[in-house]
Amino acid sequence: MFRVWFQVAAAVLWLSSGSQGGPARLYTEEDPLVILGGSSLKSTITNSSTAWLVQFYSSWCGHCIQYSSTWKALAQDVRDWQDAVGVAVLDCAQEGNFDICKEFNIKFYPTFKYFRAHSSPSDKGVIYRGADREIQSIRQLIITVLQNHTKLERPQHCPPLEPYSATELLPLLGQMSDHYTAIIVEEPDSFVGREVILDLLQFSGVQVRRALSSDHSLLDTLDISVFPSIYLLHPNGTHTHLHSEKKLRFFFSSLLRTLPGVWRRSSSAATQTGALQDNQTSQPWKDFDRSTVYTADLESALHYMLRVELATHSTLQGEELKIFRDFVTLVSKLYPGGDSVVKLMETLSDWLLSLPLQQIPYQAVLDLVNNKMRISGVFLGAELRWVGCQGSRAGFRGYPCSLWTLFHVLTVQHDATPTSLDNTVLEGEAAPVLQVMRRYIRTFFGCEECGRHFDAAAALSLDQVKNGDQQILWLWNQHNRVNSRLAGALSDDPLFPKAPWPSPALCPSCHEEKNGVHVWNQNHVLGFLRHHYGASNLSPSYSLTPPLLPAALPDPVRTIQPQVEHRGAAEGGAEGNAEEQPEPRPGHPALRGKPEEVLERGGWGVWVLGLGFNSVDMSLCVVLYACSCLFLMLLFFFFKFRSRRWKLRRSHLHV
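As the structure is a prediction and not an experimental result, all values here were calculated from the model. (Residues numbered from 1 in each chain as written. Predicted model: local features only at pLDDT ≥ 70, side-chain atom pairs only at ≥ 80, totals over all residues. Heavy atoms only, no water.)

### Topic: the pairing of strand S16 (residues 517-520)
For strand S15 (residues 511-514) and S16, the ladder comprises 4 bridges, and the chain directions are antiparallel. Paired with glutamate 512 across the strands is valine 519, a residue of S16. Linking two consecutive strands that pair antiparallel, namely S15 and S16, is a turn of 2 residues; a positive phi of about 55° is found at asparagine 515 within it. (Pairing = 2+ DSSP bridges. Helix = DSSP H or I, 4+ residues; strand = E, 2+ residues; numbered from the N terminus.)

Take a look at the structure:
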């Protein structure tokens, strides 16, 4: 009886898990591994140029479910090794996989099988039976198997993992080459050198070789006494020690990847060549510091958003208008850049909030953004000036990079000034910057697929963000997840490859290692993000300066001293003259005695008649005036017609 009950329960559990749809139960296409099936397993592993490590699992197996996060982390950890070994999964609980699992003698779950490169169709793989299934142990097992392969069994693109001797390495000193050569000297039982060799498989411009600490002649020549260490041979023939803050695999790999002239290999050699050629013919290269955020990138992002991306909408109405209002309100309250951009966003925000309309033409917004009214102090540069976000050629980085940067800055600003959104429609939201970002990207961002990805990620975990610290870290984590997913894709800039950020060079204390696996120290990451995206780390270099408008003449009747709203370092972030006072916004009483500021292009007439109204307000006045005239004319003719009828009726009664 118990056996029957158990079979029924197992069947129900299998059916319920199967109703969720294919391999998405534990693994999805978003994971950095290959999902195999009964029809694709043999074709993938047979005569493959790479080796394969396949986990045969069952979606109803409790241990398989718990282990899935470890297997995903392993796949992510060795993602750059894919030219040597691939990581895959196959669900034996799927009906279409019953026969293939039986053919490969899968009896228990999970079962791990290693398939050598160039396997024959009859090869059923080698089962890994080790009790330790943690990431470091399996990673070291992969390295050991790869190193012990014969030349015929070795994957086609797997470099030699054996140590080099002094007689092989010392002749390279002083020789010129077209690439760097990194020599990692380590203890005999260390895996760091071999891990770094495989980490750099996807990169050109550098070769990594390992040597052992037992080679005393090499140690004496290179003057190495600490292990592991990196000795770098430059292409010009010079050579030196490469300093690393920590003697860890992640630090070594990151340092080598960021060397000048080292880039990630793309799927097409033309991409790499085109990047270098186009870089010579495009806009002049701007030297920049990676530890600094440039206001030119933030202003370029706003310029593209307001004048290009949003301008594709002829009108804004309903939900679109509300999302746009929220975005403008957010930027006007939190933007730490120049006063001219802040004044523009404040003016735009005040105008949007004062409109009772549910639909506005976007041309009216463009008129205000382009400052057609010639309002003093309102300015946003009308050209793209990428600095920290410049790419090796057109199409790389640019606007997406600056959009990420803008919202990173806004999250840090909101954390520094949590009361800045008080008395606004965003006051009650737990993570207002992220919520506005989510709504904007979902509604207006030009890459529709990218918008769906971000919205799906936000739907999973954004409701768990409750404070400013979590808001900053959530956006940083999502940005790194996107970088990881797009690393090596066609959109990845070969000269600026996507990698976990911040790099060890920017924040050594952000990186740690636990059980041989890289982990983040989130407390140090939070401190770094607050500094890096803080107002004090913004550089105005390369930013456009506002044009000089006619200076205001002193009012002969009265002199008005408008109150100055000081923007401190945490809020404004820009160093300026403390004696300078910002110009009051349109409609402020101080402007009513200073009409000389708007004498250009007929501005005098607008200010006399409109008393500070913009072109849209004046247009509404004209429309209302015309409607009033038409209404009065209708009343006139109505009463005139009534009076004639009354006269005719009186004349008939008299007769």
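### Some remarks on empty space enclosed by the protein
Taken as a whole and assessed by the stated rule, the structure comprises 5 cavities of 30 Å³ or more. Roughly 60 Å³ of internal volume is contained in the second largest cavity. A class-by-class count of the residues in the lining of the second largest cavity yields 3 nonpolar, 3 polar and 3 charged. (1 Å grid on protein atoms, 1.4 Å probe; cavity = no way out; pocket = protein on both sides within 12 Å on 5 of 7 lines; lining within 4 Å. Points joined across faces, edges and corners; volume = space filled by probe spheres on them. Nonpolar A, V, L, I, M, F, W, Y, C, P; charged D, E, K, R; others polar.)

### Some remarks on unusual backbone geometry
Of note, the amide linkage connecting phenylalanine 227 to proline 228 takes the cis form, showing an omega dihedral of -10°. Topologically, proline 228 is positioned in the loop between helix H8 (216-222) and strand S9 (229-233). With omega at 5°, the peptide bond leading from tryptophan 501 into proline 502 counts as cis. Tracing the backbone through its elements, the reader meets proline 502 in the loop between helix H18 (468-486) and S15. Phi is positive for asparagine 105, close to 60°, though the residue is something other than glycine.

### As for the state of the cysteines
For the coordinates displayed, the defined rule picks out 4 disulfides. Here cysteine 92 engages in a disulfide with cysteine 101; their sulfurs sit 2.1 Å apart. As the torsion about the S-S bond is roughly -90°, the cysteine 92-cysteine 101 disulfide counts as left-handed. What makes cysteine 101 buried here is its relative accessible area of 5%. Put simply, cysteine 389 and cysteine 401 are joined by a disulfide, and their sulfur atoms are 2.1 Å apart. (Disulfide = S-S within 2.5 Å. Buried < 20%, exposed > 50% of the residue type's maximum accessible area, 1.4 Å probe, protein only.)

### Considering the sheet that holds strand S5 (residues 126-128)
Judged by pairing direction, the sheet is mixed, and its 5 strands sit side by side in the order S1-S3-S2-S4-S5 without closing on themselves. Whereas interior strands pair on both sides, the edge strands pair on one side only; in this sheet they are strand S1 (34-36) and S5. Each strand of the sheet is rotated relative to its neighbour by a mean of 30°, with strand direction disregarded. Two strands pair when backbone bridges link them, and strand S2 (residues 51-57) and strand S4 (residues 111-115) are joined in this way by 5 bridges, in the antiparallel orientation. The partner of valine 54 across the bridge, within S4, is lysine 113. Of the strands in this sheet, S2, strand S3 (85-91) and S4 touch helix H3 (residues 62-77), which is tilted by about 165° from S2. (Axes fitted to C-alpha atoms, helices over the stretch in contact; angles between N-to-C directions. Contact = heavy atoms within 4.5 Å.)

### Some details on the pairing of S2
Within S2, 7 of the 7 residues are buried, which leaves it mostly tucked inside the rest of the structure. Residues of S2 alternate between two faces, with Ala51, Leu53, Gln55 and Tyr57 on one and Trp52, Val54 and Phe56 on the opposite face, all of them buried. In terms of strand pairing, S2 meets S3 through 7 bridges, oriented parallel. Bridged to valine 54 within S3 is alanine 88. Handedness of the crossover joining S2 and S3 through H3 is recorded here as right-handed. (Right-handed = clockwise from strand over helix to strand, strands pointing away.)

### Considerations on the nonpolar core
Within soluble globular proteins, side chains that are nonpolar generally end up buried alongside one another. Formed by 75 residues in total, the largest nonpolar core has its most connected members in Leu302, Phe324, Phe327, Leu330, Leu348, Trp351 and Phe407. Counting residues per element, this core draws most heavily on helix H15 (residues 399-416), at 9 residues. Leucine 302 has contacts with Arg307, Phe327, Val331, Tyr335, Val341, Leu380 and Leu406, leaving out every residue within four places of it along the chain. By size, the runner-up hydrophobic cluster in this structure holds 50 residues, among which are Val87, Tyr180, Phe191 and Leu201. (Core = buried A, V, L, I, M, F, W, Y, C linked by side-chain atoms within 4.5 Å.)

### Re the packing of H15 against H18
Across the interface, H15 lies against H18 with an axial gap of 8 Å and an inter-helix angle of 165°. Put simply, H15 runs roughly antiparallel to H18. Crossing of H15 over H18 shows left-handed handedness. Here Trp404, Phe407, His408, Thr411, Val412, His414 and Asp415 of H15 lie close against H18, whose contacting residues are Gly468, Asp469, Gln471, Ile472, Leu475, Trp476, Gln478, His479 and Val482. (Parallel < 35°, antiparallel > 145°, perpendicular 65-115°, else oblique. Left-handed = near helix turned anticlockwise from the far one by under 90°.)

### Let's talk about the sheet that holds strand S10 (residues 239-242)
Strand order across the open sheet formed by 4 strands is S8-S6-S9-S10, with mixed pairing between neighbours. Looking at strand neighbours, the two that pair on one side only are strand S8 (206-212) and S10, the edges of this open sheet. On average, each strand axis in the sheet is tilted by 25° relative to the strand beside it, whichever way the strands run. Of the strands in this sheet, strand S6 (180-186), S8, S9 and S10 are in contact with helix H9 (residues 249-257), which crosses S9 at around 15°.

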